[in-house]
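# Chain and residue survey
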Amino acid sequence: MSAARSGRRAARRVALAAAGLALALIVLAPYAVMVCTALKPEAELRMTPPRLTPIAWRPANVLEVLRDPSFQGWLYASLVVALTSTLIVVLAATPAAYYTARHRFPGRSAFLLVVLVTQMFSPTALVVGLYRQFFDLGLVDTYAALILTNAAFNLAFAIWILRAFFASIPREIEEAAAVDGCGRVRTLVQVVLPLSLPAIVTAVIFAFIAAWNEYIVALTLMADPARKPLTVGITAYVTAYVQHWNHLFAASVIAIVPVVVLFATIERHLVGGLTAGSVK
Amino acid sequence: MLIAAVVVYPAVALSRASLSRYSITGLRQGSVGAANYARLLEQEALPTVVANTVLWVAAIVLVTVGVSLGLAQLLNEDFPGRRLVRWALIVPWAASVIVTSKLFVWIYDYYFGLLNHALLSLRLVAAPVDWLGNDATVMPAMIAVGIYVSLPFTTYVLLAGLSAIPGEVYEAARVDGASAWRAYRSVTLPLLRPALLVAVVLNVIYIFNSFPIVWTLNDRNPGFAHDTMITYMYKIAFKSSLRDIGLAAALGVVNVLVILLAVVLYLRTTSWREAEA
């Protein structure tokens, strides 16, 4: 390779890295505002002209929020609802998606249409009906109501994503497994599922985040302040009467961190593209 | 296991469908027939709300998908710090939209917001702008937030599509003498079509259904001048003096039909053939 060519390559890498850095700064700028505001004392919130960074850094805001019993209740509710509903989604969506991707059966098109339509149904459009339904079942203000609702809403999306991925896995791989003496279940578990790990992980992330961040159903279904999840609960820090922006954003930072960490640890699975090397 | 899947999922789907049906028929208990729909058409705010919704969805989806194509291409390259950039991009996606909406209420704030401060310092504006209180700026301000929160998801979907394209295809294109642009148009875009399809369809659905941004940023403004069909419906049902659940349910049905139509048209135009699967 000539020196000129490797020089061009290096220049390209630097340009790409610069573009990436600029992108990261732009994307993160609003959250820098959030973090800085979260660490400001009350008196610094209403300064003109406003400053990005606090004059007196006040990490105690975070501790105050963490010690707030209301906040602890919201956090617990969010954890219970998001974890349980995600589990339900994955267990139900994976076999359903695989079956529709691989097999033709009467009503398959109708079934896929139902998946699309249910997903299109806005939670908002359903929220009054959901409220009545759960009221009849005596489940208003329970985690079960939120878990079921979140699982149902996220199921369609998970099937949609997984089905597209299963369909993209070449049939030959499964046929080869069959030739090698694998049963159907074994093929699914040992061949298809490992290959589709990126898609399953994607589905898990979507389901968890969607449930963790769900707002409108929780806003409507959960009247008991102690059982509200974080999204609804923390807005109580800023209302027409009290405006604790620093506490709101301290709580927000705490709410965002687990999801970002979860994302970061599994990010590389997202675009694994495991199929690239499987067919020669 | 497979049979169970076939039985279990439609059962769940059916119960959901019955739920939705329940919400509509249950709400219209008095059996007023089409009266709710007739009254819906008489609502003065309806034309404005529909126009807002069209602008809201079209602007966000177009800009988001366009920008995301570029971002996905960038992130598909190998460069130092790529992982950090990807992590940065995750944040607006991972953060709940309600939190981000509150954050932008603070940033857009007339007196204490950093946006006005930054623009004044850069002399881009002569006087502070009341972003969320001014009729001319509130919709663009909300659309900007909508784009911002839609970008990460869209970029990741397209990135997943890009990385699923085997390198051999590009090698073949190069061997055949294709330029980079030609390879992009003739190889990348067609192979990316499934991912683009998913990105556009899901974004249309999400953005149409989006509630927290308009709900939060438009909070201060009375009336329905900047509402989308979703927030308008919620206000009719729960927050306005109307408190009219029948009317809201009628609008809910319209909302679903509108988006159903949009998706069917889209699937037609992109010749989505379910038989391929």
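Computed from a predicted structure; not experimentally measured.

A tally of regular secondary structure across chain B gives twelve helices and zero strands. Classification of the 277 residues of chain B by burial places 54% in the buried group. Summarising the internal contacts of chain B: among those between residues at least 6 apart in sequence, 68% fall at separations of at least 24. Of the roughly 12600 Å² that chain B leaves accessible, carbon and sulfur atoms contribute 65%.

What follows is about the confidence of the model for chain A. Looking at chain A, the pLDDT average stands at 81 and 86% of residues meet or exceed 70. Taken as a whole, residues 271-280 of chain A scores under 50 in pLDDT and shows 16 contacts with residues more than four places along the chain or in a different chain.

Of the voids in this model, the second largest pocket is the one considered here, and its volume is about 910 Å³. Looking at the second largest pocket, it is lined by 36 residues, and the ones nearest its centre are K102(B), W215(B), T216(B), D219(B) and R220(B). When residues of the lining of the second largest pocket are traced back to their parent elements, those giving at least two are helix 10 (216-221) of chain A together with helix 5 (97-107), helix 10 (212-217) and helix 11 (229-239) of chain B. Looking at the lining of the second largest pocket residue by residue, the classes come out as 18 nonpolar, nine polar and nine charged.

Residue and element names in this part refer to chain B. Between helix 8 (residues 167-175) and helix 9 (residues 180-209), the shortest axis-to-axis distance is 10 Å and the interhelical angle comes to 155°. Relative to helix 9, helix 8 is oriented roughly antiparallel. Relative to helix 9, helix 8 is oriented so that their crossing is right-handed. Counted together, V169, Y170 and A173 of helix 8 and A183, V187, T188 and L191 of helix 9 form the full contact between these two elements. Within the contact of helix 8 with helix 9, the residues separate by chemical class into six nonpolar, one polar and no charged.

What follows is about a nonpolar patch on the surface. Residue and element names in this part refer to chain B. The grouping of L62, V63 and V67 at the surface amounts to a nonpolar patch, some 260 Å² of accessible area in total. Mapped onto the secondary structure, V63 falls in helix 3 (residues 46-76). When its relative accessible area of 37% is taken as the criterion, V63 is described as partly exposed.

On inspection of all chains with the given rule, the structure shows 21 aromatic pairs over all chains. Between Y98(A) and F166(A) the ring centres are 5.4 Å apart and the planes differ by 85°, which places this aromatic pair in the edge-to-face class. Placement of Y98(A) in helix 3 (residues 69-102) and of F166(A) in helix 6 (residues 143-168) is noted, with a sequence separation of 68 residues between them. A relative accessible area of 7% means that Y98(A) is categorised as buried. Looking at F166(A), the relative accessible area reads 1%, which means it is buried. Each ring, one from W93(B) and one from Y156(B), has its centre 5.4 Å from the other, and the planes form 50°; the classification is tilted. A residue pair is termed long-range when its members are at least 10 positions apart, and W93(B) in helix 4 (residues 82-94) and Y156(B) in helix 7 (residues 138-163) qualify at 63 residues. A residue is classified by how much of its surface remains accessible, and W93(B), at 11% relative accessible area, is buried.

Here we come to the nonpolar core. F71(A), I234(A) and W56(B) are the most contacted members of the largest nonpolar core, which has 138 residues in total. The dominant element in this core, judged by the number of residues it contributes, is helix 7 of chain B, at 16 residues. Residues within four places of I234(A) in sequence aside, it is in contact with F71(A), W74(A), L248(A), A251(A), S252(A) and V99(B). Core analysis: the next-biggest nonpolar cluster, separate from the first, contains 26 residues, V89(A), A97(A), V191(A) and A203(A) among them.

To continue, consider a positive patch on the surface. Residues and elements named next belong to chain A. Positive charge collects at one region of the surface, where R5, R8, R9 and R13 lie side by side. The topology assignment puts R5 in helix 1 (residues 3-38). Overall, R5 belongs to the partly exposed group, its relative accessible area being 47%.

Let us now look at the confidence of the model for chain B. Residues and elements named next belong to chain B. In this model, chain B carries a mean pLDDT of 79, and residues with pLDDT of at least 70 account for 81%. The model gives residues 1-11 a pLDDT under 50, and that stretch makes 17 contacts with residues more than four places away or in other chains. When the criterion is pLDDT under 50, residues 272-277 qualifies, and its contacts beyond four places in sequence or with other chains add up to 13 contacts. Both confidence scores are given for the complex: pTM 0.81, ipTM 0.79.

Quick notes on the rules
- Residues numbered from 1 in each chain as written.
- Chains lettered and ligands numbered in written order.
- Predicted model: local features only at pLDDT ≥ 70, side-chain atom pairs only at ≥ 80, totals over all residues.
- Heavy atoms only, no water.
- Helix = DSSP H or I, 4+ residues; strand = E, 2+ residues; numbered from the N terminus.
- Buried < 20%, exposed > 50% of the residue type's maximum accessible area, 1.4 Å probe, protein only.
- Contact = heavy atoms within 4.5 Å.
- Areas by Shrake-Rupley, 256 points an atom, 1.4 Å probe, with all protein chains shown as cover.
- pLDDT = per-residue confidence, 0-100.
- 1 Å grid on protein atoms, 1.4 Å probe; cavity = no way out; pocket = protein on both sides within 12 Å on 5 of 7 lines; lining within 4 Å.
- Points joined across faces, edges and corners; volume = space filled by probe spheres on them.
- Nonpolar A, V, L, I, M, F, W, Y, C, P; charged D, E, K, R; others polar.
- Axes fitted to C-alpha atoms, helices over the stretch in contact; angles between N-to-C directions.
- Parallel < 35°, antiparallel > 145°, perpendicular 65-115°, else oblique.
- Left-handed = near helix turned anticlockwise from the far one by under 90°.
- Patch = residues over 30% accessible without salt bridge, like charges linked within 9 Å, V, L, I, M, F, W, Y side chains within 5 Å.
- Salt bridge = Lys/Arg side-chain N within 4 Å of Asp/Glu carboxyl O.
- Phe/Tyr/Trp six-rings, centres within 6.5 Å; stacked < 30°, edge-to-face > 60°.
- Core = buried A, V, L, I, M, F, W, Y, C linked by side-chain atoms within 4.5 Å.
- Lys, Arg positive; Asp, Glu negative; His and termini not counted.
- Charge placed at Lys NZ, Arg CZ, Asp CG, Glu CD.

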